[in-house]
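Residues per chain are reported as follows:
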Amino acid sequence: MRILVTGSSGQIGTNLALRLQQEGHEVFGVDKRQNTWTDDFRYLLQDLAGHYSAFPNGINGVEYPDVDLVVHLAAHAKVHQLVRHPQRALENAVMTFNVLEYVRQKQVPIVFSSSREVYGDVHRFDEYGEGLADFAFTESTYSASKIAGEAFVYSYARCYGLRYLVFRFSNVYGRYDNDLNRMVRVIPLFIHSMLRDEPITIYGGEDKTLDFTYVDDCIDGIVDGIGALAEGRVVNQTINLAYGQGNTLVRCADLIASELDAKPQVSIAPSLLGEVTHYVADLSKARTLLGYAPKVPLDDGIARSVAWFLEHRAAHPEEDVPVTADHEGTLGGGETMWKSVATT
Ligand SMILES: NC(=O)c1ccc[n+]([C@@H]2O[C@H](COP(=O)([O-])OP(=O)(O)OC[C@H]3O[C@@H](n4cnc5c(N)ncnc54)[C@H](O)[C@@H]3O)[C@@H](O)[C@H]2O)c1
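Remember, predicted model here, so these are calculated numbers, not experimental data.

Procedures and definitions
- Counting restarts for each chain: residues are numbered from 1 in the order of the written sequence.
- Side-chain atom pairs in this predicted model are given and counted only at pLDDT of 80 or more, local residue features only at pLDDT of at least 70, and totals for whole chains, interfaces and linings cover all residues.
- The basis for every side-chain value is the complete set of heavy atoms in the structure, and neither hydrogens nor water enter the calculation.
- Segments assigned H or I by DSSP are reported as helices when at least four residues long, segments assigned E as strands when at least two residues long, and all are numbered from the N terminus.
- This radius of gyration counts C-alpha atoms alone. The globule rule is 2.2 Å times how many residues there are, raised to the power 0.38.
- For every residue, the accessible area obtained with a 1.4 Å probe (protein chains only) is divided by the maximum for its type, and the residue is called buried under 20%, exposed over 50%, and partly exposed between those limits.
- The contact criterion used is simple: two residues touch if any of their non-hydrogen atoms lie within 4.5 Å.
- The protein chains shown are the only cover counted for residues, whose accessible areas, like all others here, come from Shrake-Rupley with a 1.4 Å probe.
- Charged residues are defined narrowly, with Lys and Arg counted positive, Asp and Glu counted negative, and His plus the chain ends left uncounted.
- Every charge is mapped to an atom, namely NZ of Lys, CZ of Arg, CG of Asp or CD of Glu.
- Proximity criterion: a residue is near a molecule or strand once any of its heavy atoms comes within 4 Å of it.
- Between N or O atoms, a polar contact is any pair within 3.5 Å; within protein, one atom must be a potential hydrogen donor and the other a potential acceptor, and residues adjacent in sequence are included only when both atoms are from side chains.
- Every helix has an expected span of 1.5 Å times one less than the residues it contains.
- By salt bridge we mean one thing: a side-chain nitrogen of Lys or Arg within 4 Å of a carboxyl oxygen of Asp or Glu.
- Think of it this way: a Phe, Tyr or Trp ring, Trp meaning its six-membered ring, pairs with another when their centres are within 6.5 Å, and the plane angle makes it stacked under 30 degrees, edge-to-face over 60, tilted otherwise.
- In this scheme, the term charge over a ring applies when either NZ of a lysine or CZ of an arginine sits within 6 Å of the ring centre and within 35 degrees of the ring normal.
- By this definition, two strands are paired if DSSP reports at least two bridges between them.
- Between N-to-C directions, angles span 0 to 180 degrees; the directions come from axes that are lines fitted to C-alpha atoms, helices contributing only their stretch in contact.

A.B. asks: Looking at this structure, how should I read the overall build of the protein chain?
C.D. replies: Looking only at helices and strands, one finds nine helices and 13 strands in the protein chain. A compact globule built from 344 residues would reach a C-alpha radius of gyration of about 20 Å, and the protein chain, at 19 Å, matches this within 12%. The C-alpha extent of the protein chain, read off along each of the three principal axes, is 55 × 45 × 40 Å. Buried positions account for 58% of the 344 residues belonging to the protein chain. Contacts spanning at least 24 positions in sequence make up 79% of the contacts within the protein chain whose residues lie at least 6 apart. Carbon together with sulfur atoms contributes 48% to the accessible area of the protein chain, which is approximately 13800 Å² in total. Placing the 30 positive and 45 negative side-chain charges of the protein chain at their respective mean positions leaves the two points 4 Å apart.

And the structure:
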């Protein structure tokens, strides 16, 4: 197939584009930034968040190569950045609108990347089945942007016959997630900080529990979804993709410390504004519809992530510099400002 991947310079986009290409598909990426990890697939530099009007052969009149399916990953993907800069949430919605207008005119199906953030933090100890999202409790402007994106997708399916799959991802980690000065993510930040003998902070308390997904499991799910959508086997479904197991951030930090043989100084701090504090995905739908069977539990995934990080760092010693926190001003409950890590 000929597949357009938006957000192709990001973590999931880079992994997905390389995998699709390996499997013999023709990949065409679009991103507003250069890819800092690889030149191994073709992509176009374009800002997808403008207010453009006509999309016959490509967004904003740019000629794209012909495509059979679009995977829309481009977004501002960081909860705290969107709490501080809510206009970026609107940009997410505009990007989704632009991509939907393009696929409407091309009449090709789309895979949309949503998030477990659409569930909010209100069903803490329920299993998160896909029907449980309750938009009266939108936690953050990031959640709002994903809910808006999903709503646009569903409306295009009803009004214009769009064929889609919506995937709700959860804490994807591993290969190509270490561009910390662009976007702080908890696992590479813990690795980076422990290597530098710097303290780490866990926001959300000792029992903060998340469903961490090793990137290859996530990519397996997307690739199976692309095949099923293209063949018409699974169409117009919203599906959780995660590992299906909760792990505390404390355990995550312990696993990294033992991989690195480090003894980090750990502080526990209150949640950041807009953060989910407990999430474990219900994967029954992914298993039934796609035969999804994630293979990499957290301990194995952490070992692989640390190995990849160390290899990358050895080739890029210039990245061994302090990381700037990206969530100043987004603490909940009037708490003191803490200086280190965000968790999603
Ligand atoms: N990684 C996760 O844990 C996770 C979890 C839930 C949902 N998601 C969603 O999955 C998608 C991919 O996530 P990721 O982790 O690869 O994020 P990422 O930030 O690494 O990649 C997103 C890419 O979108 C690009 N982008 C942003 N604004 C753009 C614009 N105006 N025009 C063109 N490109 C633009 C960025 O440059 C970036 O390369 C995102 O939509 C994200 O919200 C990710």
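A.B. asks: I tried to follow the site of the ligand on my own but got confused; where do I start?
C.D. replies: Around the ligand there are 28 residues in total, and Asp31, Asp47, Tyr142, Val172 and Arg185 lie nearest to it. Ile12 places a main-chain nitrogen or oxygen 2.8 Å from an oxygen atom of the ligand. At the level of elements, α1 (11-22), β5 (110-115) and α4 (141-160) are the ones that each hand at least two residues to the shell around the ligand. For the shell around the ligand, the element with the highest residue contribution is β5, accounting for three residues.

A.B. asks: Would you mind showing me how to read helix α3 (residues 87-106) here?
C.D. replies: Because an α-helix completes one turn every 3.6 residues, residues spaced three or four positions apart along the sequence face the same direction. With 20 residues, α3 should cover 28 Å at 1.5 Å per step; its first-to-last C-alpha distance of 29 Å lies within 8% of that length. Here α3 has its buried residues at Ala89, Asn92, Ala93, Val94, Met95, Thr96, Asn98, Val99, Leu100, Glu101, Tyr102 and Val103. Backbone geometry just downstream of α3 places Gln107 in the positive-phi region, at approximately 55°.

A.B. asks: Looking at this model, I keep getting lost on the pattern of salt bridges. Mind explaining?
C.D. replies: Charged atoms that come close allow side chains of opposite charge to pair. Applying the stated rule across the entire model yields 16 salt bridges. Between Lys106 and Asp66 there is a salt bridge; the shortest N-O distance is 2.9 Å. Placement of the pair is Lys106 in helix α3 and Asp66 in the loop between β3 (42-45) and β4 (69-72), with a sequence separation of 40 residues. Among the salt bridges present, the one from Arg304 reaches Asp300, with a minimum N-O distance of 3.3 Å. Taken together, the residues span about one helical turn, with Arg304 and Asp300 both in helix α9 (residues 298-315) at a distance of four residues. One salt-bridge network, in which partners are shared between bridges, spans Arg19, Glu23, Asp220 and Lys295.

A.B. asks: What is the right way to look at the packing of aromatic side chains in this model?
C.D. replies: Any aromatic ring pair is given by two values, namely how distant the centres are and how the planes are angled relative to each other. According to the stated counting rule, one finds twelve aromatic pairs in the structure shown. Consider the rings of Phe97 and Phe152, whose centres lie 6.2 Å apart with planes at 55°: the pair is tilted. Here Phe152 lies in helix α4 and Phe97 lies in helix α3, a separation of 55 residues in the sequence. Overall, the relative accessible area of 29% leaves Phe97 in the partly exposed class. Phe152 sits in the partly exposed class, given a relative accessible area of 30%. Judged by centre distance (5.6 Å) and plane angle (70°), the ring pair of Tyr173 and Tyr214 falls under edge-to-face. Here Tyr214 lies in strand β10 (residues 213-214) and Tyr173 lies in strand β7 (residues 172-173), a separation of 41 residues in the sequence. Like Tyr173, the residue Tyr214 is buried in the burial classification. Put simply, the rings of Phe28, Tyr64 and Tyr102 pair up and form one aromatic cluster. The side chain of Arg104 reaches across the aromatic face of Tyr160, ending 4.6 Å from its centre.

A.B. asks: Would you mind going over α4 with me for this structure?
C.D. replies: For α4, with 20 residues, the first-to-last C-alpha span of 28 Å sits near the 28 Å given by 1.5 Å per residue. Buried within α4 are the following residues: Tyr142, Ser143, Ser145, Lys146, Ile147, Gly149, Glu150, Val153, Tyr156 and Ala157. The elements touched by buried residues of α4 are α2 (79-84), α3, β5, β6 (164-169) and β11 (237-241). Residue Ser140 occupies the N-cap position of α4, its side-chain oxygen lying 3.3 Å from the main-chain nitrogen of Tyr142. Downstream of α4 by a residue or two, Gly161 has a phi angle that is positive, lying close to 70°.

A.B. asks: Can you walk me through the sheet that holds β6 in this structure?
C.D. replies: Adjacent strands of a sheet pair through backbone hydrogen bonds, lying either parallel or antiparallel. Taken together, the seven strands give an open sheet; going across it, the order is β3-β2-β1-β4-β5-β6-β11, and neighbouring strands pair in parallel fashion. Where the open sheet ends on each side, the last strands, each with one partner, are β3 and β11. Geometrically, the sheet is characterised by an average inter-axis angle of 20° between neighbouring strands, direction not taken into account. In terms of strand pairing, β4 meets β5 through three bridges, oriented parallel.

Read these as geometric descriptors, not functional statements.
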